[in-house]
Amino acid sequence: MGIRNNKQKKMETQRKLVTQHDPKSPISEQYRTIRTNIQFSSIDEELQTLIVTSAGPGEGKSTTTANMAVVFAQQGKKVLLVDGDLRKPTVHYTFSFTNTFGLTSVLSKQISFQEAVKTSQIENLDILPSGPLPPNPAELLSSRSMMELLRIAKEQYDIIIFDTPPVLVVTDAQVMSNMCDGVILVVSSGRTEKDAAVKAKELLTAAKAKIVGVVLNNKEESKTASYYYYGK
Ligand SMILES: Nc1ncnc2c1ncn2[C@@H]1O[C@H](COP(=O)(O)OP(=O)(O)OP(=O)(O)O)[C@@H](O)[C@H]1O
Ligand SMILES: [Mg+2]
């Protein structure tokens, strides 16, 4: 710990996963409720591949994705969390991995899927970081390599969950929603404009996405709760 600089420490503290460190907290319980609701919403339909997105930046996509991945893994599902945000990736920070290799390395055929996937400290949860950022994210994400990666991942995991960039900023999430079974839309209470949320929903629907849930991320409330956690 001693040699880490403050900025790094701050990043890691901020990204501590409540579902991992405090599974009994009310916030973790809420993530489990979301998990249950998603599972109920898909009784007759396959929901193996999920993306998490939002209208704009900073609404809690990455936090939601990581905690959802943890609660699915805690339920005994074999889970792969993929950092599909090829603009501002953060999954490698959350799980303290390097980002030298990842999704982009597999899509550009530099290494195999098997070599790129990392085992996390959480049982049943594997991680595929973004890898080096490419100049053409949307193109890579809609490539035949991506279809192939999904095919292989689906053989090995019960659930594959993707973090993505915001819908209103770039087309990546739309592209990915079209390839995946369901979309979770994060809305930040007090932050997301209603029009923006409606527009995001329209764009996703136009891409033939199935929105399986909307998560209301209330930063203020959660900050209090995370204070409660650290203060214990
Ligand atoms: N419920 C919450 N309580 C407290 N802090 C939160 C909560 N949700 C998100 N944050 C914090 O807000 C910041 C942005 O969250 P996050 O990275 O999850 O958003 P994002 O939508 O992935 O952002 P980006 O668009 O930049 O990828 C992070 O520092 C995160 O720790
Ligand atoms: Mg993010």
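Scroll up a little and you will see the structure.
Below is a short write-up of the structure. (Residues numbered from 1 in each chain as written. Chains lettered and ligands numbered in written order. Predicted model: local features only at pLDDT ≥ 70, side-chain atom pairs only at ≥ 80, totals over all residues. Heavy atoms only, no water.)

1. What to know about the overall build of the protein chain
Consideration 1: The helix and strand tally for the protein chain stands at twelve helices and seven strands.
Consideration 2: Going through the 232 residues of the protein chain one by one, you find that 51% of them count as buried.
Consideration 3: Accessible area for the protein chain stands at about 12000 Å²; split by element, carbon and sulfur atoms hold 52% of it. (Helix = DSSP H or I, 4+ residues; strand = E, 2+ residues; numbered from the N terminus. Buried < 20%, exposed > 50% of the residue type's maximum accessible area, 1.4 Å probe, protein only. Areas by Shrake-Rupley, 256 points an atom, 1.4 Å probe, with all protein chains shown as cover.)

2. Things to note about helix α10 (residues 172-179)
Consideration 1: Of all eight residues that make up α10, six are buried, and the element is covered over most of its length.
Consideration 2: Taken residue by residue, α10 has Asp172, Ala173, Gln174, Met176, Ser177 and Met179 as its buried positions.
Consideration 3: Residues of α10 that are buried sit in contact with β1 (49-54), α8 (137-141), α9 (144-156), β5 (159-163), β6 (182-188) and α11 (194-206). (Contact = heavy atoms within 4.5 Å.)

3. Details of the sheet that holds strand β7 (residues 211-217)
Consideration 1: Reading across the sheet, the seven strands line up as β3-β4-β2-β5-β1-β6-β7 and stay open at both edges, with mixed pairing between neighbours. Pairing within the sheet leaves two strands with one partner each, and these edge strands are β3 (118-119) and β7.
Consideration 2: In the sheet, β6 pairs with β7 via six bridges, with the strands oriented parallel. Directly across from Ser188, in β7, lies its bridge partner Asn217. (Pairing = 2+ DSSP bridges.)

4. Quick word on the pairing of strand β2 (residues 79-83)
A regular strand carries its side chains on alternate faces of the sheet.
Consideration 1: The buried count for β2 comes to five of five residues, which makes it a mostly enclosed element.
Consideration 2: Taking every second residue as pointing to the same face, both faces of β2 are buried, with Val79, Leu81 and Asp83 on one and Leu80 and Val82 on the other.
Consideration 3: Where β2 and strand β4 (residues 125-128) come together, four bridges link them in parallel fashion. Counterpart to Leu80 in the pairing with β4 is Asp126.
Consideration 4: Two strands pair when backbone bridges link them, and β2 and β5 are joined in this way by five bridges, in the parallel orientation. In the sheet register, Val79 faces β5, and the bridge partner there is Ile159.

5. Quick look at the pattern of salt bridges
Consideration 1: For the structure on display, the rule yields five salt bridges.
Consideration 2: Between Glu148 and Arg151 there is a salt bridge, with its nearest N and O atoms 2.8 Å apart. Here Glu148 pairs with Arg151, and both are found in helix α9, just three residues apart, close to one helical turn.
Consideration 3: For Glu148, a relative accessible area of 36% puts it in the partly exposed group.
Consideration 4: Among the residues examined, Arg151 registers a relative accessible area of 42% and is labelled partly exposed. (Salt bridge = Lys/Arg side-chain N within 4 Å of Asp/Glu carboxyl O.)

6. Structural notes on the environment of Asp181
Consideration 1: Examined against the element boundaries, Asp181 turns out to sit in the loop between α10 and β6.
Consideration 2: Asp181 sits 130 residues away from Ile51 along the chain, and the two C-alpha atoms are 8.4 Å apart.
Consideration 3: Not counting residues up to four positions away in its chain, the partners in contact with Asp181 are Glu46, Leu47, Gln48, Thr49 and Lys210.
Consideration 4: A polar side-chain atom of Asp181 sits 2.7 Å from the main-chain amide nitrogen of Gln48. (Polar contact = N/O pair within 3.5 Å; in protein donor to acceptor, adjacent residues only side chain to side chain.)

7. Here we look at the nonpolar core
The nonpolar side chains of a soluble globular protein tend to be buried, and buried together.
Consideration 1: Among the nonpolar cores identified, the biggest contains 33 residues, and Leu80, Leu103, Phe113, Leu128 and Phe162 are the most heavily contacted of them.
Consideration 2: Looking at this core element by element, the count peaks at four residues for α9.
Consideration 3: Ignoring anything within four residues of it in the chain, the contact list for Phe113 reads Leu80, Val106, Leu128, Leu149, Ile152, Ala153, Gln156 and Tyr157.
Consideration 4: Counting residues in hydrophobic clusters, the runner-up holds 29 residues, among them Val71, Ile159, Ile184 and Val215. (Core = buried A, V, L, I, M, F, W, Y, C linked by side-chain atoms within 4.5 Å.)

8. As for the environment of Gln174
Consideration 1: Looking at the secondary structure, you find Gln174 in helix α10.
Consideration 2: Along the primary structure Gln174 and Thr205 are separated by 31 residues, whereas in three dimensions their C-alpha atoms are 8.8 Å apart.

9. Section: the side chain of Glu59
Consideration 1: For Glu59, the location among the structural elements is in the loop between β1 and α4 (61-74).
Consideration 2: Setting aside chain neighbours within four positions, we find Glu59 in contact with Ser54, Val186, Val187, Ser188, Arg191, Thr192 and Asn217.

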